[in-house]
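Given next are the chains, with one letter for each unit.
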Amino acid sequence: MKLSDELPVDHRLATVYRIGAGLCGVILLVFGILGFTNQLGFFDTSGSQVAGLSTNGLLSLISVVVGSVLIAGAAIGGNVASMVNMTVGSLFLLSGFVHIFILDKGANILDFGMSNVIFSFVMGLLILTFGMYGRVTGGLPHDNPYWRGRHPEQAAREDAARRGATAAGPPRVTGGGAGQTWH
């Protein structure tokens, strides 16, 4: 089974994935563009700040690329937006963990500061939450396509019971008074 088979094109969850990807993508795109407008050096680690975050030309470029990927995912929508959100969100969390260990070291070529690490964690969790919304939980409703994909036998039984109930129609009353019988 492919992920694209589980979620109908017009499912209401697709809107959540699109909004999340688009919103976070625009934030990253604006941050990257602001970094470029300040004409920062590509590998400059002097502590130049944009919107309260340390940045350089390389981080601006990465922000523009990742923001564009999120916006593209939002434009495509559906499972693509969800998977893009989950992938990018995971990468943001990974970046936060990596950069917390290299803050004051020469390997910090993106000029991360503690505010960048916190932003990376917050943005990663936000993007990841948008991507996982309606997909990952123990209490999914039975009409959710991800629940149905994980429990195909029970979903088939419920569908058959629902078809049987609608085919039989509503119960009929025959007879009159106290001797009524239901069919």
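Up top you'll find the structure we're talking about.
Now for a quick tour of the structure. (Residues numbered from 1 in each chain as written. Predicted model: local features only at pLDDT ≥ 70, side-chain atom pairs only at ≥ 80, totals over all residues. Heavy atoms only, no water.)

## Here's the deal with the overall build of the protein chain
Link 1 in the chain: For the protein chain, the helix and strand inventory stands at seven helices and four strands.
Link 2 in the chain: Sequence-ordered secondary structure for the protein chain, helices as α and strands as β, is α-α-β-β-α-α-α-α-α-β-β.
Link 3 in the chain: Here the protein chain, with 183 residues, has 39% of them falling under the buried criterion. (Helix = DSSP H or I, 4+ residues; strand = E, 2+ residues; numbered from the N terminus. Buried < 20%, exposed > 50% of the residue type's maximum accessible area, 1.4 Å probe, protein only.)

## Comments concerning the layout of surface pockets
Over the atoms rolls a probe the size of a water molecule, and its path tells where empty space is left.
Link 1 in the chain: Empty space within the largest pocket amounts to approximately 300 Å³.
Link 2 in the chain: As for the largest pocket, its lining consists of 17 residues, of which Leu59, Ile62, Phe92, Ser95 and Phe112 are closest to the centre.
Link 3 in the chain: Of all the secondary structure elements, the ones that give two or more residues to the lining of the largest pocket are helix H2 (13-37), helix H3 (57-76), helix H4 (78-101) and helix H5 (114-132).
Link 4 in the chain: Examining the composition of the lining of the largest pocket, we find that five residues originate from one element, H4, more than from any other. (1 Å grid on protein atoms, 1.4 Å probe; cavity = no way out; pocket = protein on both sides within 12 Å on 5 of 7 lines; lining within 4 Å. Points joined across faces, edges and corners; volume = space filled by probe spheres on them.)

## Things to note about the packing of aromatic side chains
Link 1 in the chain: Under the definition given, this model contains one aromatic pair.
Link 2 in the chain: Judged by centre distance (4.9 Å) and plane angle (65°), the ring pair of Phe97 and Phe121 falls under edge-to-face. Of this pair, Phe97 sits in helix H4 while Phe121 sits in helix H5, and the two are 24 residues apart along the sequence. (Phe/Tyr/Trp six-rings, centres within 6.5 Å; stacked < 30°, edge-to-face > 60°.)

## Side note on H5
Link 1 in the chain: The end-to-end C-alpha distance of H5 is 27 Å, a good match for the 27 Å that 19 residues give at a rise of 1.5 Å each.
Link 2 in the chain: Residues of H5 that are buried: Asn116, Val117, Ser120, Met123, Gly124, Ile127, Leu128, Phe130 and Gly131. Projected onto a plane normal to the axis of H5, the buried residues spread over an arc of 160° and lie on a single side. Away from its buried face by more than 90 degrees, H5 exposes Val122 and Thr129. (Expected span 1.5 Å × (residues − 1). Arc of directions from axis to C-beta.)

## Side note on a nonpolar patch on the surface
Link 1 in the chain: On the surface, Ile100, Phe101, Met114, Ile118 and Val122 cluster together into a nonpolar patch covering about 500 Å² of accessible area.
Link 2 in the chain: The set of elements that each furnish at least two residues to the nonpolar patch consists of H4 and H5.
Link 3 in the chain: For the nonpolar patch, the leading source of residues is H5, giving three residues.
Link 4 in the chain: With respect to the helices and strands, Ile100 occurs in helix H4.
Link 5 in the chain: In this structure Ile100 comes out as partly exposed when scored by relative accessible area, which is 34%. (Patch = residues over 30% accessible without salt bridge, like charges linked within 9 Å, V, L, I, M, F, W, Y side chains within 5 Å. Areas by Shrake-Rupley, 256 points an atom, 1.4 Å probe, with all protein chains shown as cover. Salt bridge = Lys/Arg side-chain N within 4 Å of Asp/Glu carboxyl O.)

## Concerning the environment of Phe31
Link 1 in the chain: Considering the arrangement of structural elements, one finds Phe31 in helix H2.
Link 2 in the chain: For the pair Phe31 and Ser60, spaced 29 residues apart in sequence, the C-alpha separation works out to 7.0 Å.
Link 3 in the chain: Once you skip the residues sitting within four places of it in the chain, Phe31 turns out to touch Val50, Leu53, Ser54, Thr55, Leu59 and Ser63. (Contact = heavy atoms within 4.5 Å.)

## Re the packing of H4 against H5
Link 1 in the chain: Across the interface, H4 lies against H5 with an axial gap of 7 Å and an inter-helix angle of 155°. Our classification of the angle between H4 and H5 gives roughly antiparallel. The handedness of the crossing between H4 and H5 is left-handed.
Link 2 in the chain: In terms of residue class, the contact of H4 with H5 is made up of 16 nonpolar, ten polar and no charged. (Axes fitted to C-alpha atoms, helices over the stretch in contact; angles between N-to-C directions. Parallel < 35°, antiparallel > 145°, perpendicular 65-115°, else oblique. Left-handed = near helix turned anticlockwise from the far one by under 90°. Nonpolar A, V, L, I, M, F, W, Y, C, P; charged D, E, K, R; others polar.)

## Things to note about the nonpolar core
Link 1 in the chain: Membership of the largest hydrophobic core is limited to eleven residues, which are Ala21, Cys24, Leu28, Leu70, Ala74, Val84, Val88, Phe92, Met123, Ile127 and Phe130.
Link 2 in the chain: Secondary-structure elements contributing two or more residues to this core are H2, H3, H4 and H5.
Link 3 in the chain: Each residue touching Leu28, except ones within four places of it in the same chain, is listed here: Ser63, Val64, Val66, Gly67, Leu70, Phe92 and Phe119.
Link 4 in the chain: Within the second largest apolar cluster, nine residues are counted, among which are Phe31, Val50, Leu59 and Val117. (Core = buried A, V, L, I, M, F, W, Y, C linked by side-chain atoms within 4.5 Å.)

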